[in-house]
Amino acid sequence: MRVRFVVLAVVACTVLVACSDDPEPKPAPTTASPSASVEQFYAEPSGPAVAQVQQWTAEGRTADATAVKRIADAPTAVWFADADPGFADKARDLVTSAQVAGRTPVLVAYYVPQRDCGGHSGGGAPDADAYRQWIAQLAAAVNGSPALVVLEPDAVTHVLQNCLSPEATQERYQLLGEAIRAFKADPWVRVYLDGGNPGWVKDVDRVVDSLRKAGVSDADGFSLNVANFETTQANIDYGTAISDRLAGKHFVIDTSRNGNGPAETAGSGDGHWCNPPGRALGPAPTTQTGHARVDAYLWVKRPGESDGACGGGAPEAGRWWPEYALSLATS
């Protein structure tokens, strides 16, 4: 199953706080599980779903606009998937706006070399050094602000499909470990290394071995079901099996489009994962999961963005597709 992407702290002098040349440092965040406290995720005030609601409202399509508003109002991850000028500024603006709002932003780092092994979301950094520089800039941009980072969807699981050479495999493990440590240099940033989904690689021991090699021990946990449709319960079961082998590591689940579970399509062909019809929005983003090791349900994939140009008039990966968004919101 492949991912098809596409991603304020102020020191002030007041009558209550004395000014000094050496202000007291901001305390480190609690080390308790995010699910142990009420945490609200950040929803961007603009985006394709918001624009769609405005357009359909103006056209008198009130019912459709109301349906898609479920997507527009939901906290959804912001993907960082290229090195276009300004990407670091965008990340900094995101975390700053979220902190002002008292919310936690969710970012996806998706730029590892040979990102999708030639699939619909092929691309990524041209080489290891370019990736290291990109990660350093992104980590610096979120430094000092609470944030949750989902790191490189599919990158670990692709290794298990043998779509990389042995040399590229070792390089990928090394780069993922370095990326985790770059983000975790800041105690305000939580990092979840992607671990695939229960419908993809079913041999849990292989997944665990790959996660270990990629440095999951230095991360806050792992992520599951990114841009996929497997049920929440299936992911809880799968994640718990992985967690049992990783000394109880916590995990997060992408529930953005799993309301009706996966499509009834045999095997792992396009029809199973690529814009399948009849799917629905899943549980809303929350840290109140009711499961000790599940830190959050997240909407990592933005509902309504295409998985790829895989038939039925679907646009290329990452493009907004209003008809599919409406289907998800009304199924």
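Residues numbered from 1 in each chain as written. Predicted model: local features only at pLDDT ≥ 70, side-chain atom pairs only at ≥ 80, totals over all residues. Heavy atoms only, no water.

## Let's talk about the pattern of salt bridges
Inspection of every chain in the model, using the stated rule, returns 15 salt bridges. Here K69 ties to D73 by a salt bridge, and the two come within 2.5 Å at their closest N and O atoms. What makes K69 partly exposed here is its relative accessible area of 39%. Using a relative accessible area of 47% as the deciding quantity, one classes D73 as partly exposed. With a closest N to O distance of 3.5 Å, R319 and E316 form a salt bridge. Among the charged side chains, a network of salt bridges with common partners joins E44, R302 and E305. (Salt bridge = Lys/Arg side-chain N within 4 Å of Asp/Glu carboxyl O. Buried < 20%, exposed > 50% of the residue type's maximum accessible area, 1.4 Å probe, protein only.)

## A word on the sheet that holds strand β2 (residues 106–109)
With parallel pairing, 7 strands are arranged side by side in an open sheet as β1-β2-β3-β4-β5-β6-β7. Looking at which strands have only one partner, the edges of the open sheet turn out to be β1 (78–80) and β7 (294–298). Direction aside, neighbouring strands of the sheet carry axes that sit 25 degrees apart on average. Summarising the sheet, strand β5 (residues 221–224) and strand β6 (residues 250–254) pair through 4 bridges and their orientation is parallel. When the bridges of β6 are listed, S223 appears paired with V252. Against the sheet, helix α8 (residues 232–245) touches β5, β6 and β7, its axis set at about 155 degrees to β6. (Pairing = 2+ DSSP bridges. Helix = DSSP H or I, 4+ residues; strand = E, 2+ residues; numbered from the N terminus. Axes fitted to C-alpha atoms, helices over the stretch in contact; angles between N-to-C directions. Contact = heavy atoms within 4.5 Å.)

## Some words on the packing of aromatic side chains
Considering all chains together, one arrives at 6 aromatic pairs under this definition. Look at Y111 and W134: their rings are 4.8 Å apart centre to centre, the planes differ by 40 degrees, and that puts the pair in the tilted class. You can see Y111 sitting in the loop between β2 and α4 (128–142) and its partner W134 sitting in helix α4, a full 23 residues away along the chain. On the accessibility criterion, Y111 (10% relative accessible area) is buried. On the basis of an interplanar angle of 15 degrees and a centroid distance of 5.4 Å, the ring pair of W321 and Y324 is categorised as stacked. Each member of the pair, W321 as well as Y324, carries the same accessibility label: buried. An aromatic cluster is present here, built from F87, Y111, Y131 and W134 joined pairwise through their rings. Over the aromatic face of W56 sits the side chain of R61, whose NZ or CZ is 4.1 Å from the ring centroid. A cation over an aromatic ring shows up here: K90 above the ring of F80, its NZ or CZ 5.3 Å from the ring centre. (Phe/Tyr/Trp six-rings, centres within 6.5 Å; stacked < 30°, edge-to-face > 60°. Lys NZ or Arg CZ within 6 Å of the ring centre and 35° of its normal.)

## Describing the side chain of N235
Tracing the sequence through the fold places N235 in helix α8. Exposure remark for N235: the relative accessible area of 0% places this residue in the buried category. Looking at N235, its side chain comes within polar contact range of the main-chain oxygen of E230, at 3.2 Å. In contact with N235, not counting residues within four places along its chain, are N197, P198, L224, N225, E230, F251 and I253. (Polar contact = N/O pair within 3.5 Å; in protein donor to acceptor, adjacent residues only side chain to side chain.)

## Some remarks on the packing of helix α7 (residues 204–213) against α8
Interaxial distance between α7 and α8 falls to 10 Å at its minimum, and their mutual angle equals 55 degrees. Between α7 and α8, the angle falls in the class oblique. Seen along the crossing, α7 lies across α8 with a hand that is right-handed. Only Y238, A241, I242 and R245 of α8 make contact with α7, whose side of the interface consists of V204, D205, V207, V208, L211 and R212. Its residues placed into classes, the contact of α7 with α8 shows 7 nonpolar, no polar and 3 charged. (Parallel < 35°, antiparallel > 145°, perpendicular 65-115°, else oblique. Left-handed = near helix turned anticlockwise from the far one by under 90°. Nonpolar A, V, L, I, M, F, W, Y, C, P; charged D, E, K, R; others polar.)

## Overview of the pairing of strand β3 (residues 147–151)
In terms of burial, β3 is largely enclosed, as 5 of its 5 residues are buried. Across the two faces of β3 the burial is the same, with A147, V149 and L151 and L148 and V150 all buried. Pairing geometry for β2 and β3, over 4 bridges, is parallel. Bridging from a neighbouring strand, V108 pairs with V150 of β3. One ladder, built from 5 bridges, connects β3 with strand β4 (residues 189–194); its direction is parallel. Bridging across to β4, V149 finds its partner in V191.

## Overview of the confidence of the model for the protein
Mean pLDDT over the protein stands at 88; residues scoring 70 or higher make up 85%. In the model, residues 4–36 has pLDDT below 50 throughout and makes 60 contacts with residues more than four positions away in sequence or in other chains. (pLDDT = per-residue confidence, 0-100.)

## Brief notes about the state of the cysteines
Considering all chains together, one arrives at 1 disulfide under this definition. Between the sulfur atoms of C274 and its disulfide partner C310 the distance amounts to 2.0 Å. On the sign convention where negative means left-handed, the S-S torsion of about -90 degrees between C274 and C310 marks this disulfide as left-handed. Remark: C310 occurs in the loop between β7 and α10 (322–330) and C274 occurs in the loop between α9 (270–273) and β7; sequence separation between them is 36 residues. Exposure remark for C274: the relative accessible area of 5% places this residue in the buried category. Of the residues examined, C310 reaches a relative accessible area of 22% and is grouped as partly exposed. (Disulfide = S-S within 2.5 Å.)

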